[in-house]
Amino acid sequence: MSYVEPEAKIFACSQSVYLAEKMAESYGVELGKITFSTYSDGEFQPSFEESIRGLRVFLVCSTFPNSDNLMELLLMIDAAKRASARHITAVIPYFGWARQDRKDKPRVPIGAKLVAKLLESAGATRIMTMDLHADQIQGFFEKPVDHLFASTIFLPHVRSLNLENLTIASPDMGGSKRAYAYSKFLSSDVVICYKHRKAANVVEKMELIGEVKGRNVILVDDMIDTGGTLTKAADLMIEKGALSVRAICTHAILSGDAYEKIEKSKLSELIVTDTIPLKKQSGKIRVITCADLFAEVMHKVHLNNSISGKFLM
């Protein structure tokens, strides 16, 4: 008697349906049916509306706004485990709490470590994510982690711009490794911004390490939150003689007055992925989907094929 490899199914939490539908279409399957029952006090309960016994399930959920989506994902993982799913992969394009990867002062939590433990305790057997704020977060998990890089989809776009005198820039010292990786593939110079914060999301002082005069600059970062750092860096570079400044950011959090800052800044363009949906449209913001990349990796994982070819950085 021969057996056919069980199919994989893709499900989404309520606020990541927009992205999961693209992934499912690229993968070649229908998005799985799941419903959420909500009580009057705000408590909710997910329910899989089709059998997942013995199957590999991919649960797509970017954790924004962090607490509600994370709780949805945890409940979905637990429900899949109790429904006898064979493999449960938490697909988290944007991994919230990633900025809490260490104790940077006394008496604070390491939130990323806590989230990792919660996901594993709920029953996740594999984690798939993109551009973690800190690479060492992979070590917080005892389960396999597929850490994808948005450079896989950003680099072809950058090359298509055909910019002369290209310089890659990092908005802070922590992103220098990412900037050097981009510069390696683009054979470009690198500039680093040195910034001093007086509080979270508030930049007090910024200086440039490197030359930007007469250069077309592309700032590279893993996320843009309030937009203060990137817009300040772009304005400073134009003042220093840069011909143009663009920014590439994987996760478009864009909280507070970020949209207004971007519109008023000297940024020519902000290029982001759709790990987080835009709250509103902007003529300066271009979205490149990451759905095809995730779908391809999900398919390779399901077939137990190597995914090393998808890592450019």
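The preceding data block contains the structure.
Think of each chain on its own: its residues are numbered from 1, step by step along the sequence as written. Confidence filtering applies because this is a predicted model: local features only for residues at pLDDT of at least 70, side-chain atom pairs given and counted only at 80 or more, and all residues used for totals across whole chains, interfaces and linings. As a rule here, side-chain values come from all non-hydrogen atoms in the structure, and water together with hydrogens is ignored.

Caption draft 1: Geometry of the overall build of the protein. Numbering of helices and strands runs from the N terminus; a helix is a DSSP stretch of H or I covering at least four residues, while a strand is a stretch of E covering at least two. Along the backbone of the protein there are 8 helices and 14 strands. Against the 2.2 N^0.38 benchmark of 20 Å for 313 residues, the protein shows a C-alpha radius of gyration of 20 Å, consistent with a compact globule. Taking the principal axes of its C-alpha atoms as reference, the protein extends roughly 70 × 45 × 35 Å. Taken across its 313 residues, the protein has 53% of its residues classed as buried. Taken over C-alpha atoms, the radius of gyration is set against a globule rule of 2.2 Å times the number of residues to the power 0.38. Relative accessibility thresholds used throughout: buried, under 20% of the residue-type maximum; exposed, over 50%; partly exposed, between the two (1.4 Å probe, protein chains only).

Caption draft 2: Broad picture of the sheet that holds strand 4 (residues 56-60). When DSSP finds at least two bridges between two strands, those strands are taken to pair. Pairing is parallel across the open sheet formed by 5 strands, whose spatial order is 1-4-5-6-7. A single partner strand is all that each edge strand has here, and the edge strands are strand 1 (8-12) and strand 7 (145-148). The sheet shows a mean angle of 20 degrees between the axes of neighbouring strands, direction not considered. Whether two residues are in contact is decided by their heavy atoms: any pair within 4.5 Å suffices. The axes used here are C-alpha line fits, helices contributing only the stretch in contact, and every angle between their N-to-C directions lies in the interval 0 to 180 degrees. Of the strands in this sheet, strand 1, strand 4 and strand 5 (87-92) touch helix 2 (residues 66-82), which is tilted by about 165 degrees from strand 5.

Caption draft 3: Layout of the packing of aromatic side chains. Note on aromatic pairs: the rings of Phe, Tyr and Trp (six-membered ring only in Trp) are paired at centre separations within 6.5 Å, and the planes decide the class, stacked below 30 degrees, edge-to-face beyond 60, tilted for the rest. Inspection of every chain in the model, using the stated rule, returns 3 aromatic pairs. Between Phe 11 and Phe 48 the ring centres are 4.7 Å apart and the planes differ by 85 degrees, which places this aromatic pair in the edge-to-face class. You can see Phe 11 sitting in strand 1 and its partner Phe 48 sitting in strand 3 (residues 44-48), a full 37 residues away along the chain. Residues Phe 11 and Phe 48 agree in their burial class; the two are buried.

Caption draft 4: Focus on helix 2. Over its 17 residues, helix 2 runs 24 Å from end to end, which matches the ideal 24 Å to within 8%, given 1.5 Å per residue. All of the buried residues in helix 2 are Asn 69, Leu 70, Glu 72, Leu 73, Leu 74, Met 76, Ile 77 and Ala 80. In the core, the buried residues of helix 2 are packed alongside strand 1, strand 2 (34-38), strand 3, strand 4, strand 5 and helix 3 (111-122). Residue Ser 84 follows helix 2 closely and has a positive phi angle near 70 degrees. Any helix carries an expected span of 1.5 Å times its number of residues minus one.

Caption draft 5: Highlighting the environment of Asn 165. Mapping Asn 165 onto the fold places it in the loop between helix 4 (151-161) and strand 8 (166-170). As for Asn 165 and Ser 188, which are separated by 23 residues in sequence, their C-alpha atoms are 7.9 Å apart. Setting aside anything within four residues of it in sequence, one finds Asn 165 in contact with Gly 214, Arg 215 and Asn 216.

Caption draft 6: The arrangement of helix 5 (residues 176-186) in detail. Those residues of helix 5 that fall on the buried side of the exposure criterion are Arg 178, Ala 179, Ala 181, Tyr 182, Ser 183 and Leu 186. Immediately downstream of helix 5, the backbone of Ser 187 shows phi near 55 degrees, a positive value.

Caption draft 7: A look at the pattern of salt bridges. Only one rule defines a salt bridge in this text: a Lys or Arg side-chain nitrogen within 4 Å of an Asp or Glu carboxyl oxygen. Taken as a whole and assessed by the stated rule, the structure comprises 14 salt bridges. Between Lys 261 and Asp 257 there is a salt bridge, with the nearest N and O atoms lying 3.6 Å from each other. By relative accessible area, Lys 261 is classed as partly exposed at 27%. Residue Glu 269 is joined to Arg 286 by a salt bridge in which the shortest nitrogen-to-oxygen separation is 2.7 Å. In this pair, Glu 269 is assigned in strand 13 (residues 269-273) and Arg 286 in strand 14 (residues 285-288), connecting sequence segments 17 residues apart. With relative accessibility at 39%, the residue Arg 286 sits in the partly exposed group. Each of Asp 78, Lys 81 and Arg 82 takes part in salt bridges that share partners, so that together they form one network.

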